[in-house]
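# Residue-level structure breakdown
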Amino acid sequence: MTSTHTSTATGPGVGAGLVAAEDVLLFVNAAITATGQREFRSTAQQQRLSLDFLHAYVRVNYRRVYAAALALDINDHNAVRIVQGLLETSAEATAQEKRAEGRLIAARLAKLPPQRVYRLFRALRAAGVNNRRTRAIMRDWLAARPDPAHDAVKYRTGLRTAARHVHFRFDTDTDPGSGSVGTDEAGEVGDFLFRPGRRPRYRHPLLDAWRRAHYEQGAVAELPFTVAEGFAARHGMKREVLLERMIPRMTRLEQLRSVERLRASARRGTVALAPLPADVDLTVMPLTRLALYVLSLGFDVRSAHRAELTRALRAAARRAAGPQAGSWGKVAGVLDDSHSSSGSGEKRRRPLAVALACHFLLEALSAPGGYTALWTSGGTDPLLARPWGPTPLGSRVLDALEHGPDRLVIVSDGWDNAPPGLAGEVLRVWRTRLDPDRRTAVVHVNPVYDADGFDVRRLAPGVPTAGIRDAEDLPALVEIARFAEGRSGADALYAYLDGRVERFVGGHPVAVAGPPAAGTRGTGDAQGAGVVS
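Residues numbered from 1 in each chain as written. Predicted model: local features only at pLDDT ≥ 70, side-chain atom pairs only at ≥ 80, totals over all residues. Heavy atoms only, no water.

## Re the overall build of the protein chain
Basically, it comes down to this: Comment: elements are numbered from the N terminus, with helices defined as DSSP H or I runs of at least four residues and strands as E runs of at least two. Only protein chains enter the calculation, and the probe is 1.4 Å; a residue is then buried if its accessible area is under 20% of its type maximum, exposed if over 50%, and partly exposed in between. Only the protein chains shown count as cover for residues, with accessible areas throughout obtained via the Shrake-Rupley method and a probe of 1.4 Å.
Assigned secondary structure in the protein chain consists of 22 helices and nine strands. Here the protein chain, with 533 residues, has 53% of them falling under the buried criterion. Of the accessible surface of the protein chain, which amounts to about 22800 Å², a share of 52% is contributed by carbon and sulfur atoms.

And the structure:
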């Protein structure tokens, strides 16, 4: 793979190590930002083809690092792809690698949304992956589910398919190690999934609500929202009535989406503004999701509820900053709200939402009164941000550097076009002539994967760039981005990955494979012990 980085290191061994490190960073950037969906400048097919190549390339050449990526802040789409790739190619791994991969896979599956895990299990079954390790991983995950009855109702097909595939037993006897779940409640779940007509009623309230919902409209509101929607349609219930009844049982994200639908219905034929949802505590929402919600509101609603929305965004930002709040000193942020930040139909306003969330997070990370925000549009009101106009990154970077910040953070898709290339030239001159001692730390975080370049688009070779999907990951990504400068060395990168993996799997000491020896590319086993038990 052709590297996009510039390195000053010499020597064949060092060169091979840096190439391997660059490949790793390239894959991490893709695994953080790319989801196989259409972006502003590339189609879904281009995204998928690009990701297919990257996953195959890294899995074959750096299998142990490929597995270690599960411990990083990659998105769920790529985490599932890594797990599936590792399990489908078990024959290519050593026994030592399998043990380490098993721990990483188990830890990652525990963090994934259950619907993604059930889809993964269906994909493994369809691909004919039925080895002992895969069945053990699936059984362990199923046995660890906190509420099997809830899964049986909400993910009925997925749970039934997975349980049948691995011969997972729901029965009334408790036999540790037998691949079954004991207690009579588990027996009810087994009957519900595989023998639905066996019991006239269920003692578990959720299972019985599902039974009664077939003929009793009042039982619909006792079910999870996604299940209740189907029964409501069967009973001919109006959607507005269903939403009002279901709000207490919805997740926060479902509540926000549903309240928006109710607001849209309330506005038909009237100009009155609907209030923000009274039953939803916006201050506990994750920062980037909250930014997406804020951008989904009209300008009139944002203006009318400025205080509540700003307070919620700042609370989420302080929570994301954690102990690093106020520790970054004087910070300047260059934030891209150009037309391309509108994203695509699948990822509507996602780049702009990341920029908005990063704005409030940078404010929390900087010293009190030490933050300067510069939007590419020239706007000064972040709450009313909208995607429009060109991307004059060069001019905004110049303005930011005039403030003499300790840190300059650029949040942009990297398409500097007013004029093209000015930002890269400004940063090159700044780094080589005006600030060779690096008094100002510069980092570029990019929320958009460039399918043609197999990476996120970069502004200049000397400026570290990291992919970003959620603003909450910004502090960790700034740490990763420093390796892209080529100054920390490949050994430091692998040591960093070792630490992340060890923390991820619960403190068990593991090691990530180092770069291959000079002149080799193989599996990354030439140097370093690899991920070991």
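## What about the sheet that holds strand β3 (residues 331-335)?
What counts here: Strand pairing is defined by DSSP finding a minimum of two bridges between the two strands. To obtain an axis, a line is fitted to C-alpha atoms, over the contacting stretch when the element is a helix, and the angle between two such axes runs from 0 to 180 degrees between their N-to-C directions. Only heavy atoms matter for contacts: two residues are in contact if any of them lie within 4.5 Å across the pair.
If you walk across this open sheet you meet the five strands as β4-β3-β5-β6-β9, and the pairing is parallel. Looking at which strands have only one partner, the edges of the open sheet turn out to be β4 (371-375) and β9 (465-467). Ignoring strand direction, the axes of neighbouring strands in this sheet form an average angle of 20°. Pairing of strand β5 (residues 407-411) with strand β6 (residues 441-446), which is carried by five bridges, proceeds in the parallel orientation. Paired with R407 across the bridge in β6 is A441. Along the sheet face, helix α18 (residues 350-365) touches β3, β4 and β5 and points at about 165° away from the line of β4. Here helix α21 (residues 474-481) sits on the sheet and contacts β5, β6 and β9; the angle it forms with β9, its principal contact strand, is near 135°.

## Some thoughts on the nonpolar core
Note on soluble globular proteins: their nonpolar side chains tend to be buried together. Which entries qualify depends on this criterion: The term nonpolar core refers to a set of buried residues drawn from Ala, Val, Leu, Ile, Met, Phe, Trp, Tyr and Cys, joined through side-chain atoms within 4.5 Å.
Core analysis: the largest hydrophobic core is formed by 139 residues, its most contacted members being L109, F121, L223, L290 and L474. Among the elements that make up this core, the one with the highest residue count is α18 (12 residues).

## Considerations on unusual backbone geometry
The amide bond that connects A418 to the next residue, P419, takes the cis arrangement and shows omega of -5°. Turning to its location among the elements, P419 is positioned in the loop between β5 and α20 (422-434). Notably, R438 is not glycine yet its phi reads approximately 60°, a positive angle. The topology assignment puts R438 in the loop between α20 and β6. What makes R438 partly exposed here is its relative accessible area of 29%.

## Comments concerning α20
Given 3.6 residues per turn, any residue in an α-helix points the same way as the ones three and four places further on. Here is the rule we go by: What the arc describes is the spread of directions from the helix axis to the C-beta atoms.
Buried within α20 we find A423, G424, V426, L427, W430 and R431. All buried residues of α20 fall inside an arc of 165° around its axis, so they share one side. In the core, the buried residues of α20 are packed alongside α19 (393-402), β5 and β6.

## Let's talk about the packing of aromatic side chains
Our working rule: Working definition: a ring pair exists when centres of Phe, Tyr or Trp rings (six-membered ring for Trp) sit within 6.5 Å. Plane angles under 30 degrees give stacked, over 60 give edge-to-face, the rest tilted.
Applying the stated criterion across every chain, the model contains 12 aromatic pairs. Ring plane angle 55° and centroid distance 5.2 Å describe the contact between F53 and F454, whose orientation is recorded as tilted. Remark: F454 occurs in the loop between β7 (449-450) and β8 (455-456) and F53 occurs in helix α2 (residues 44-61); sequence separation between them is 401 residues. Taking the relative accessible area as the measure of exposure, F454 reaches 27% and is therefore partly exposed. Here the aromatic rings of Y57 and Y62 are separated by 6.3 Å at their centres, their planes lie at 70°, and the arrangement is edge-to-face.

## A closer look at helix α4 (residues 76-88)
Inclusion rule: Residue count minus one, scaled by 1.5 Å, sets the expected span of a helix.
For α4, spanning 13 residues, the distance from its first C-alpha to its last is 18 Å, which sits close to the expected 18 Å at 1.5 Å a residue. Residues of α4 that are buried: N78, A79, V80, I82, V83, Q84, G85, L86 and L87.

## Focus: the pairing of β3
Put simply, the test is: Note on handedness: a clockwise path from strand one over the helix to strand two, with the strands aimed away from the viewer, defines a right-handed crossover.
β3 sits mainly inside the fold: five of its five residues count as buried. Burial along β3 is two-sided: V331, G333 and L335 and A332 and V334, pointing in opposite directions, are all buried. Handedness of the crossover is the feature at issue here: the chain leaves β3, passes through α18, returns alongside β4, and the resulting connection is right-handed. Pairing analysis gives five bridges linking β3 to β5, with the strands arranged parallel.

## Here's the deal with the confidence of the model for the protein chain
This is how it is decided: The pLDDT value expresses, per residue, how confident the predictor is, ranging between 0 and 100.
When pLDDT is averaged across the protein chain, the result is 84; 83% of the residues are at 70 or more. Across residues 1-14, confidence stays below pLDDT 50; counting only partners more than four residues off in sequence or on other chains, it has 18 contacts. Segment residues 172-178: pLDDT under 50, and 10 contacts once partners within four positions in sequence are set aside and those in other chains are kept.

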